[in-house]
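Understanding the architecture of this molecule
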Amino acid sequence: ETNNVLVKVDRQYRGDGSIVTSGSEDDQYKELCRRYKSTSDERRRSLIVGNIAVDTSSGDDTGRNKKFAETLGASDESTWPQYLIFKKGTSTNHVIKYSGSDKSADAIGNFVLEQTGARIGIFVYSIDGLDKMVARFVAVRNGDIAANLRRKSFAYMARLIAMIPHQSETKPIADLYVKAMFQTLHHGREYAASQTRRIEGLIEKGDISSRKKEELSQKLHVLSRFTDPVKLSDEEERNFYLSWAVQIGMWIIMLILLFFIGPGDEQEENPEPSVTKSERKGHRKKGSKKHR
């Protein structure tokens, strides 16, 4: 009740260790389990993955787990392997069946993500605009002052992108791109390759948590954009510069508006006139004469 559960219903292994189902589908389930094992502990706590092996050797309903599969509505062998999801907080009566024909690890992972929001495996992200920025950054060869200024301009434009509000999961990734660009300016073109070798060595040691491995994998992915940048067609390059001209124009307009249009001075309606000490004395004297 406190976790989402993904269950695979399939035939039971034979005594010799083989399985009746096709090898490719079994391999895909093993790949899914491998990805689940590599998932960070924090995300893995929200999902349990299990397998219900149904004994069909008897040819009737007496086989192990046969009745249970019927209870779950997954007794039709033509649909096996059948994947089911039980959302946390629900009973076995509220089962979600996977109806797709693609039983690959990718497809089942997407099914889990759509139904529960849980991600299986190590996920790395790319930011398309920054991928293209890095490609232009790397394309500028070392040379004169003008070339260095071009590279710096790309780095500062990347910083502008990182300043734009992002989703919580992509903001740290945008910062990785920016950090790698400025470190490359400082240490030279070998920075990405040297950092890649260092991080790969840390992962190969294996004595790191799944969460740390995921973080390092994301860094490797960003660094790969420097060692193996994306290829831009002529049209993509034109659109890249055009979009940046538009964005820079919008930034300039926004700065101008912020500079010239400040917060309005709030004035109190019908403000009371201030009364000095001498004026108060005068009022009291006039009042005393009238009284007399």
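Here's what I pulled together on the structure shown here. (Residues numbered from 1 in each chain as written. Predicted model: local features only at pLDDT ≥ 70, side-chain atom pairs only at ≥ 80, totals over all residues. Heavy atoms only, no water.)

**Considering the pattern of salt bridges**
Side chains that carry opposite charge are capable of pairing whenever their charged atoms lie near each other. According to the stated counting rule, one finds ten salt bridges in the structure shown. With its nearest N and O atoms 2.6 Å apart, the salt bridge here joins Arg35 to Asp106. Of this pair, Arg35 sits in helix H1 (residues 23–38) while Asp106 sits in helix H4 (residues 105–116), and the two are 71 residues apart along the sequence. Each of Glu31, Arg34, Arg35 and Asp106 takes part in salt bridges that share partners, so that together they form one network. (Salt bridge = Lys/Arg side-chain N within 4 Å of Asp/Glu carboxyl O. Helix = DSSP H or I, 4+ residues; strand = E, 2+ residues; numbered from the N terminus.)

**As for the packing of helix H6 (residues 145–163) against helix H7 (residues 171–187)**
Each pair of packed helices gets described by two things: the angle between the helix axes and the distance between those axes. The geometry of H6 relative to H7 is characterised by a closest axis approach of 9 Å and an angle of 165 degrees between their N-to-C directions. With respect to H7, the axis of H6 lies roughly antiparallel. Regarding H6 and H7, the two cross each other, and that crossing is left-handed. Taking contact as the criterion, the partners of Arg151, Lys152, Phe154, Ala155, Tyr156, Ala158, Arg159 and Ala162 in H6 are, on H7, Lys171, Ala174, Asp175, Val178, Met181, Phe182, Thr184 and Leu185. (Axes fitted to C-alpha atoms, helices over the stretch in contact; angles between N-to-C directions. Parallel < 35°, antiparallel > 145°, perpendicular 65-115°, else oblique. Left-handed = near helix turned anticlockwise from the far one by under 90°. Contact = heavy atoms within 4.5 Å.)

**A short note on the side chain of Gln82**
Summarising the element assignment, Gln82 is placed in strand E3 (residues 82–86). For Gln82, a relative accessible area of 8% corresponds to the buried category. Only 3.4 Å separates the side chain of Gln82 from the side chain of Thr79, close enough to count as a polar contact. Within the structure, the side chain of Gln82 is placed 3.0 Å from the backbone oxygen of Tyr98, a separation counted as a polar contact. Excluding residues within four positions of it along the chain, Gln82 makes contact with Val7, Lys8, Val9, Ala74, Lys97 and Tyr98. (Buried < 20%, exposed > 50% of the residue type's maximum accessible area, 1.4 Å probe, protein only. Polar contact = N/O pair within 3.5 Å; in protein donor to acceptor, adjacent residues only side chain to side chain.)

**Comments concerning the packing of H7 against helix H9 (residues 210–227)**
Taken N-terminus to C-terminus, the directions of H7 and H9 make an angle of 50 degrees; their axes are 10 Å apart at the nearest point. Accordingly, the angle class assigned to the pair H7 and H9 is oblique. Considering the relative orientation of H7 and H9, their crossing is right-handed. In this structure, H7 uses Ile173, Leu176, Tyr177, Ala180, Met181 and Thr184 to contact H9, whose residues at the interface are Gln218, Lys219, Val222, Leu223, Arg225 and Phe226.

**Observations concerning the layout of surface pockets**
Considered as a void within the structure, the second largest pocket measures approximately 180 Å³ in volume. Surrounding the second largest pocket, Leu176, Lys179, Ala180, Tyr191, Gln195, Arg198, Ile199, Lys219, Val222 and Leu223 form its lining. Among the elements that line the lining of the second largest pocket, the one with the most residues is helix H8 (residues 191–205), at four residues. Looking at the lining of the second largest pocket residue by residue, the classes come out as six nonpolar, one polar and three charged. (1 Å grid on protein atoms, 1.4 Å probe; cavity = no way out; pocket = protein on both sides within 12 Å on 5 of 7 lines; lining within 4 Å. Points joined across faces, edges and corners; volume = space filled by probe spheres on them. Nonpolar A, V, L, I, M, F, W, Y, C, P; charged D, E, K, R; others polar.)

**Comments concerning the pairing of E3**
In terms of burial, E3 is largely enclosed, as five of its five residues are buried. Going residue by residue along E3, you find Gln82, Leu84 and Phe86 tucked away on one face and Tyr83 and Ile85 tucked away on the opposite face as well. Bridge count between strand E1 (residues 4–11) and E3: five bridges; the pairing is antiparallel. In the strand pairing of E3, Val7 is matched with Leu84. Across three bridges, the pairing between E3 and strand E4 (residues 95–97) is antiparallel. Residue Phe86 lies in a different strand from E4, and its bridge partner there is Val95. (Pairing = 2+ DSSP bridges.)

**Looking at the environment of Ile122**
Relative to the elements of secondary structure, Ile122 occurs in the loop between H4 and helix H5 (128–139). Of the residues examined, Ile122 reaches a relative accessible area of 27% and is grouped as partly exposed. A C-alpha to C-alpha distance of 6.5 Å links Ile122 and Ser38, two positions 84 residues apart in sequence. Those residues in contact with Ile122 that lie beyond four places of it in its chain are Ser38, Arg43, Lys213, Glu214 and Ser217.

Keep in mind these values describe shape, not function.
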